[in-house]
Amino acid sequence: MTSKWWLMLPATLCEIGWALGAKYAQGPVEWLATLVLVTVSLGLATWMARTLPTTTVYTVFVGLGAMGTVVVDIAFLGAPFNVLTLMLIVTLLIGVVGLKLYSSRQKEVSCTGSH
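To keep things clear, this report deals only with the structure shown in the data block. Source: prediction; values computed, not measured.

Criteria and thresholds
- Residues numbered from 1 in each chain as written.
- Predicted model: local features only at pLDDT ≥ 70, side-chain atom pairs only at ≥ 80, totals over all residues.
- Heavy atoms only, no water.
- Helix = DSSP H or I, 4+ residues; strand = E, 2+ residues; numbered from the N terminus.
- Buried < 20%, exposed > 50% of the residue type's maximum accessible area, 1.4 Å probe, protein only.
- Expected span 1.5 Å × (residues − 1).
- Arc of directions from axis to C-beta.
- Core = buried A, V, L, I, M, F, W, Y, C linked by side-chain atoms within 4.5 Å.
- Contact = heavy atoms within 4.5 Å.
- Axes fitted to C-alpha atoms, helices over the stretch in contact; angles between N-to-C directions.
- Parallel < 35°, antiparallel > 145°, perpendicular 65-115°, else oblique.
- Left-handed = near helix turned anticlockwise from the far one by under 90°.
- Nonpolar A, V, L, I, M, F, W, Y, C, P; charged D, E, K, R; others polar.

**Here we look at the environment of G98**
Now for step 1: Within the secondary structure, G98 is located in helix α4 (residues 83-112).
Now for step 2: Judged by its relative accessible area of 33%, G98 is partly exposed.
Now for step 3: Spatially, the C-alpha atoms of G98 and V60 are 9.7 Å apart, while their sequence positions differ by 38 residues.

What follows is the structure, encoded as structure tokens:
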């Protein structure tokens, strides 16, 4: 069974894209693109969850999507930036990475434990 964590990058990019599309889409083509991004992002998350811990996949997926959306909003769309926002994004990133690492560690422990 192959790890599908590599799918998190395109899933997260699609998540960021549809979140921004939901805010900025105005015409039918933009709304269609937004719906395609929703479908692809959720499809990739679902595919990952078939072989990886579902709660971890979902939390990492949504956390990275939220973090990426905030970063894009600040960097490219003129959203206000402040130190508290930075601290909260870093805290979110630490939590997401920690959960991913903890989940991987739990899998190793359960696979090597005696039955």
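**Things to note about helix α2 (residues 28-49)**
Now for step 1: In this model α2 runs 31 Å from its N-terminal to its C-terminal C-alpha over 22 residues, within 8% of the 32 Å that 1.5 Å per residue would give.
Now for step 2: Here α2 has its buried residues at T34, S41, L44, A45 and M48. Mapping the buried residues of α2 onto a view down its axis gives an arc of 100°, with all of them on the same face. Residues of α2 that are exposed and point more than 90 degrees away from the buried face comprise P28, V29, L32, L35 and T39.

**A look at the nonpolar core**
Nonpolar side chains in soluble globular proteins generally cluster together in the buried interior.
Now for step 1: Of all hydrophobic cores here, the largest spans 15 residues; its most connected members are W5, M8, M48, V57, V60 and L64.
Now for step 2: Elements supplying a minimum of two residues to this core: α1 (8-24), α2, α3 (54-77) and α4.
Now for step 3: Broken down by element, the residue count for this core peaks at five residues, all from α3.
Now for step 4: Excluding residues that lie within four positions of it along the chain, W5 makes contacts with L52, T56, V57, V60 and K100.

**A short note on the packing of α1 against α2**
Now for step 1: Where α1 contacts α2, the two axes come as close as 8 Å, and the packing angle between them is 150°. Considering their axes alone, α1 and α2 lie roughly antiparallel with respect to each other. With respect to the hand of their crossing, α1 and α2 are arranged in left-handed fashion. Contacts between α1 and α2 involve M8, P10, A11, C14, E15, G17, W18, G21, A22 and Y24 from the first element and E30, W31, T34, L37, V38, V40, S41, L44 and M48 from the second.
Now for step 2: Classifying every residue of the contact of α1 with α2 gives 13 nonpolar, four polar and two charged.

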